[in-house]
Amino acid sequence: MDVFEALYTTRAMRRVKEDPIPEDVIKSIVDSAIRAPSGSNRQDWKFVVVTDKDVREKLSDIYKETWDYYVKSFYNNSEDLGASNLKDKDQIESVKRISNSASWLAENYHKVPLLVLAFSRNDPTGSSIYPAIWNLMLAARGHGIGTCLTTVMSFKTDDVYEVLGIPTDKGWTLNATITAGYPLGKWGVAERKPVEEVTYLNKWGESPDWNLTEPLWNY
């Protein structure tokens, strides 16, 4: 796959099929993950790959509980993640789409065929793990697999550690969980604000005159 196709079309794919992912594909995406750079090349990371149905169901219970807590705590139990409080029509529709897919994942988490939990330690910012996670997601895209990075289970890490047998005295931090499966939806380039709205040239407040109203790569 062309690198720009992967970069432009790798987006959050929460709705996925239950079809299992072949072991050689799983090996490929995790092997791609560990090729990412890390601080001082310490590679102080661990990845727990979960395909077992029983384990996925246990994690699903935790995910649903933490997702409900997240919605209650940060969105005042708003099922549409606050979309009804917005004024911009396009933004309302965008948030509603996200809330619908996020709710689908919370209700169907146990059906997702592959979960990858990423752990790190001796990294106060946790930043060294994210290039590896992004590598994993790009590699999955290359295999036609949709992924979504989630962090809500960090609200109940003790429960997650118990399910997975993670030692609690070794300093491991759960940074993220990546859900993965063959997508039910279609690939495409996500809509984004124009580059000029989020980029400054040389100094803060000075926008580049790049005139990029459309993405430079189209699917």
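Above this text you will find the structure in question.
Presented here is an overview of the structure given in this document. (Residues numbered from 1 in each chain as written. Predicted model: local features only at pLDDT ≥ 70, side-chain atom pairs only at ≥ 80, totals over all residues. Heavy atoms only, no water.)

1. Concerning empty space enclosed by the protein
Line of reasoning, step 1. One pass over the structure, following the stated rule, counts 1 cavity of 30 Å³ or more.
Line of reasoning, step 2. Lining the largest cavity are Ser 38, Gly 39, Arg 42, Gln 43, Asp 44, Trp 45, Ser 120, Arg 121, Asp 123, Ser 128 and Ile 129.
Line of reasoning, step 3. In the lining of the largest cavity, the residues fall into 2 nonpolar, 5 polar and 4 charged. (1 Å grid on protein atoms, 1.4 Å probe; cavity = no way out; pocket = protein on both sides within 12 Å on 5 of 7 lines; lining within 4 Å. Points joined across faces, edges and corners; volume = space filled by probe spheres on them. Nonpolar A, V, L, I, M, F, W, Y, C, P; charged D, E, K, R; others polar.)

2. A few points about the nonpolar core
Line of reasoning, step 1. Membership of the largest hydrophobic core comes to 25 residues, with the highest contact counts inside it found for Leu 59, Tyr 63, Trp 67, Leu 117, Phe 119, Val 160 and Leu 164.
Line of reasoning, step 2. For this core, the elements supplying multiple residues, two or more each, are α3 (53–75), α4 (89–108), β2 (114–120) and α6 (157–164).
Line of reasoning, step 3. Residue contributions to this core peak at 5 residues, all from α3.
Line of reasoning, step 4. Ignoring any residue separated from it by four or fewer positions in sequence, one finds Trp 67 in contact with Leu 81, Ala 102, Ser 103, Ala 106 and Val 152.
Line of reasoning, step 5. Ranked by size, the runner-up nonpolar core spans 23 residues in total, among them Trp 45, Leu 114, Met 137 and Ala 140. (Core = buried A, V, L, I, M, F, W, Y, C linked by side-chain atoms within 4.5 Å. Buried < 20%, exposed > 50% of the residue type's maximum accessible area, 1.4 Å probe, protein only. Helix = DSSP H or I, 4+ residues; strand = E, 2+ residues; numbered from the N terminus. Contact = heavy atoms within 4.5 Å.)

3. Quick look at the pattern of salt bridges
Between side chains of opposite charge, a pair can form as their charged atoms come close.
Line of reasoning, step 1. One pass over the structure, following the stated rule, counts 9 salt bridges.
Line of reasoning, step 2. Here Lys 64 makes a salt bridge to Asp 68, at a shortest N to O gap of 2.9 Å. With Lys 64 and Asp 68 both in helix α3 and 4 residues apart, this pair spans about one turn of that helix.
Line of reasoning, step 3. With a relative accessible area of 24%, Lys 64 lands in the partly exposed category.
Line of reasoning, step 4. For Lys 156, the salt bridge goes to Glu 65, with nearest N and O atoms at 3.5 Å. Of this pair, Lys 156 sits in the loop between β3 (146–150) and α6 while Glu 65 sits in helix α3, and the two are 91 residues apart along the sequence.
Line of reasoning, step 5. On the accessibility criterion, Lys 156 (24% relative accessible area) is partly exposed.
Line of reasoning, step 6. Taking relative accessible area as the criterion, Glu 65 reaches 44% and is therefore assigned partly exposed. (Salt bridge = Lys/Arg side-chain N within 4 Å of Asp/Glu carboxyl O.)

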